[in-house]
Amino acid sequence: MTNASLTETLAAAKAENRAALISYLPAGFPSIAGAAQAVQAVIDGGADVVEIGLPHSDPVLDGPTIQTADDIALRAGIRTKDVLATVREVTTANPTVPVLVMTYWNPVDHYGQARFAADLAAAGGAGCILPDLPVEESEEWLAAAEANGLATVFVVAPSSQDQRLALITAKGTGFVYAAAVMGVTGTRAQVGSLAEDLVARTRATTDLPVCVGLGVSNAEQAAEVAAFADGVIVGSAFVQRILDAPSEQAGYAAVRELAAELAQGVRKR
């Protein structure tokens, strides 16, 4: 399978003078069989890029909402092969939408770095977001990713010093993920000034697009972030819509509606 180009998708959004809408949902949620349908609903609503999470028993960076979804997936018996099957299902139906896997490092290392890269590429994946892989220890993975045409997205935070930002952005590809709230992610009532400062400092070190995740949950917040970022990353708000829904089908409708609202928001820069 060919991987949809992350670079081209982000460039196309920029050419339209808007930010890209990047969605996150974990595999195995709301069920192993229903995960691809949930992702499809978000794409139908207007997401440009999708991140599929590989559920982890201790998702320390993700906040309580995503932890709840990961727990549902793990209790259903989700395995790495199921995550890759979800990627394949989504990319087969949406060959022009880049699909990334967001995962903690341990499952990739356990699966085998070269094997994971090859299998993700074979499933049509466009790359990986690796929030806890230190760039100093990333050479083997980066070689495997490059060999398979995968982007490697690293995460920067407000606590990252400028020298550290330059080191991270020199190694990453695709885009830079700016986690713009100190501590765990999750929906926020207000967008902080930390995010805008972090984007500016990151852009000083790289030509890669800088996309921001900080708990955006509505169109107004999406527009606020879109004013200074290349992409707006939304995860917890989608997960919460599904958790609140009375049925899986109602959950799909709810995330499609939210994606449509957010897609309008990222266009109001």
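In this report, the structure presented in the accompanying data block is examined. (Residues numbered from 1 in each chain as written. Predicted model: local features only at pLDDT ≥ 70, side-chain atom pairs only at ≥ 80, totals over all residues. Heavy atoms only, no water.)

A look at the overall build of the protein chain
Turning to step 1, where the next piece is worked out: The number of helices and strands found in the protein chain is 12 helices and nine strands.
Turning to step 2, where the next piece is worked out: The C-alpha atoms of the protein chain give a radius of gyration of 17 Å, which matches the 18 Å a tight globule of 269 residues would have.
Turning to step 3, where the next piece is worked out: Expressed along its principal axes, the backbone C-alpha trace of the protein chain runs to roughly 45 × 40 × 35 Å.
Turning to step 4, where the next piece is worked out: When contacts within the protein chain are restricted to residue pairs at least 6 apart in sequence, long-range pairs at least 24 apart make up 73% of them.
Turning to step 5, where the next piece is worked out: With an accessible surface of roughly 11000 Å², the protein chain has 50% of that area assigned to carbon and sulfur atoms.
Turning to step 6, where the next piece is worked out: Where the 17 positive side-chain charges of the protein chain centre and where its 30 negative ones centre are 3 Å apart. (Helix = DSSP H or I, 4+ residues; strand = E, 2+ residues; numbered from the N terminus. Rg over C-alpha atoms; globule rule 2.2 N^0.38 Å. Contact = heavy atoms within 4.5 Å. Areas by Shrake-Rupley, 256 points an atom, 1.4 Å probe, with all protein chains shown as cover. Lys, Arg positive; Asp, Glu negative; His and termini not counted. Charge placed at Lys NZ, Arg CZ, Asp CG, Glu CD.)

Describing helix H6 (residues 113-122)
The periodicity of an α-helix, 3.6 residues per turn, causes residues three or four positions apart to be oriented the same way.
Turning to step 1, where the next piece is worked out: Buried residues of H6: Gln 113, Phe 116, Ala 117, Leu 120 and Ala 121, and no others. Each buried residue of H6 sits inside an arc of 125° when the element is viewed along its axis, so together they form one side.
Turning to step 2, where the next piece is worked out: Close packing links the buried residues of H6 with helix H4 (80-93), strand S3 (99-102), helix H5 (105-111), strand S4 (127-129) and helix H7 (139-147).
Turning to step 3, where the next piece is worked out: After H6 finishes, the residue Gly 124 shows a positive phi value of roughly 95°. (Buried < 20%, exposed > 50% of the residue type's maximum accessible area, 1.4 Å probe, protein only. Arc of directions from axis to C-beta.)

Side note on unusual backbone geometry
Turning to step 1, where the next piece is worked out: Phe 29 connects to Pro 30 through a cis peptide bond whose omega is 5°.
Turning to step 2, where the next piece is worked out: You can see Pro 30 is positioned in the loop between strand S1 (20-26) and helix H2 (35-45).
Turning to step 3, where the next piece is worked out: Here the phi dihedral of Asn 17 falls at roughly 55°; this positive angle occurs in a residue that is not glycine.
Turning to step 4, where the next piece is worked out: By the element assignment, Asn 17 lies in the loop between helix H1 (6-15) and S1.
Turning to step 5, where the next piece is worked out: The class of Asn 17 is exposed, set by a relative accessible area of 57%.

Structural notes on the pattern of salt bridges
Turning to step 1, where the next piece is worked out: Going through the model one piece at a time under the given rule, you end up with 10 salt bridges.
Turning to step 2, where the next piece is worked out: One salt bridge connects Glu 136 with Arg 164, and the closest N-O pair in it is separated by 2.4 Å. Taken together, the residues span a long stretch of sequence, with Glu 136 in the loop between S4 and H7 and Arg 164 in helix H8 (residues 162-171) at a distance of 28 residues.
Turning to step 3, where the next piece is worked out: Across the pair Asp 230 and Arg 203 runs a salt bridge, and its minimum N-O distance is 3.1 Å. (Salt bridge = Lys/Arg side-chain N within 4 Å of Asp/Glu carboxyl O.)

Regarding the side chain of Glu 51
Turning to step 1, where the next piece is worked out: Mapping Glu 51 onto the fold places it in strand S2 (residues 49-53).
Turning to step 2, where the next piece is worked out: Within the buried set, Glu 51 has no salt-bridge partner at all; the shortest N-O distance to an opposite charge, 14 Å, is to Arg 18.

Points about empty space enclosed by the protein
Turning to step 1, where the next piece is worked out: Considering all chains together, one arrives at one cavity of 30 Å³ or more under this definition.
Turning to step 2, where the next piece is worked out: By volume, the largest cavity is sized at about 70 Å³.
Turning to step 3, where the next piece is worked out: Across the lining of the largest cavity, the residue classes tally to five nonpolar, one polar and two charged. (1 Å grid on protein atoms, 1.4 Å probe; cavity = no way out; pocket = protein on both sides within 12 Å on 5 of 7 lines; lining within 4 Å. Points joined across faces, edges and corners; volume = space filled by probe spheres on them. Nonpolar A, V, L, I, M, F, W, Y, C, P; charged D, E, K, R; others polar.)

Considering the packing of helix H10 (residues 219-226) against helix H12 (residues 248-265)
Turning to step 1, where the next piece is worked out: For the pair H10 and H12, the least separation of the axes is 7 Å and the interaxial angle reads 35°. As H10 packs across H12, the resulting crossing turns out to be right-handed. Packed against H10, whose contacting residues are Ala 219, Ala 222, Ala 223 and Ala 226, the element H12 presents Glu 261, Leu 262 and Gly 265 at the interface.
Turning to step 2, where the next piece is worked out: Class assignment for the residues of the contact of H10 with H12 results in five nonpolar, one polar and one charged. (Axes fitted to C-alpha atoms, helices over the stretch in contact; angles between N-to-C directions. Left-handed = near helix turned anticlockwise from the far one by under 90°.)

Quick look at the sheet that holds strand S6 (residues 155-156)
Consider a sheet: its strands pair through backbone hydrogen bonds, and that pairing is either parallel or antiparallel.
Turning to step 1, where the next piece is worked out: Strand order in the open sheet formed by nine strands is S5-S4-S3-S2-S1-S9-S8-S7-S6, with parallel pairing between adjacent strands. With one partner strand each, in any of the chains shown, strand S5 (151-153) and S6 form the two edges of the open sheet. (Pairing = 2+ DSSP bridges.)

Concerning H12
Turning to step 1, where the next piece is worked out: Relative to the 26 Å expected for 18 residues at 1.5 Å per residue, H12 spans 26 Å between its end C-alpha atoms, a close match to the ideal helical length.
Turning to step 2, where the next piece is worked out: Those residues of H12 hidden inside the fold are in contact with S1, H2, H10, strand S9 (231-234) and helix H11 (236-244). (Expected span 1.5 Å × (residues − 1).)

Some points on the packing of aromatic side chains
Turning to step 1, where the next piece is worked out: In the structure shown here, the tally under the stated rule is three aromatic pairs.
Turning to step 2, where the next piece is worked out: Look at Trp 105 and Trp 141: their rings are 6.2 Å apart centre to centre, the planes differ by 80°, and that puts the pair in the edge-to-face class. Taken together, the residues span a long stretch of sequence, with Trp 105 in helix H5 and Trp 141 in helix H7 at a distance of 36 residues. We note that Trp 105, like Trp 141, is buried.
Turning to step 3, where the next piece is worked out: Between Phe 116 and Trp 141, the aromatic rings sit 6.3 Å apart at their centres with planes inclined by 50°, giving tilted as the arrangement. With a gap of 25 residues between them, Phe 116 in helix H6 and Trp 141 in helix H7 connect regions that are remote in the sequence. The pair formed by Phe 116 and Trp 141 is uniform in burial state, with each residue classed as buried.
Turning to step 4, where the next piece is worked out: Grouped by ring-pair contacts, the aromatic residues Trp 105, Tyr 111, Phe 116 and Trp 141 constitute a single cluster.
Turning to step 5, where the next piece is worked out: One Lys or Arg, Arg 115, reaches over the ring of Tyr 111 and ends 3.8 Å from the middle of that ring. (Phe/Tyr/Trp six-rings, centres within 6.5 Å; stacked < 30°, edge-to-face > 60°. Lys NZ or Arg CZ within 6 Å of the ring centre and 35° of its normal.)

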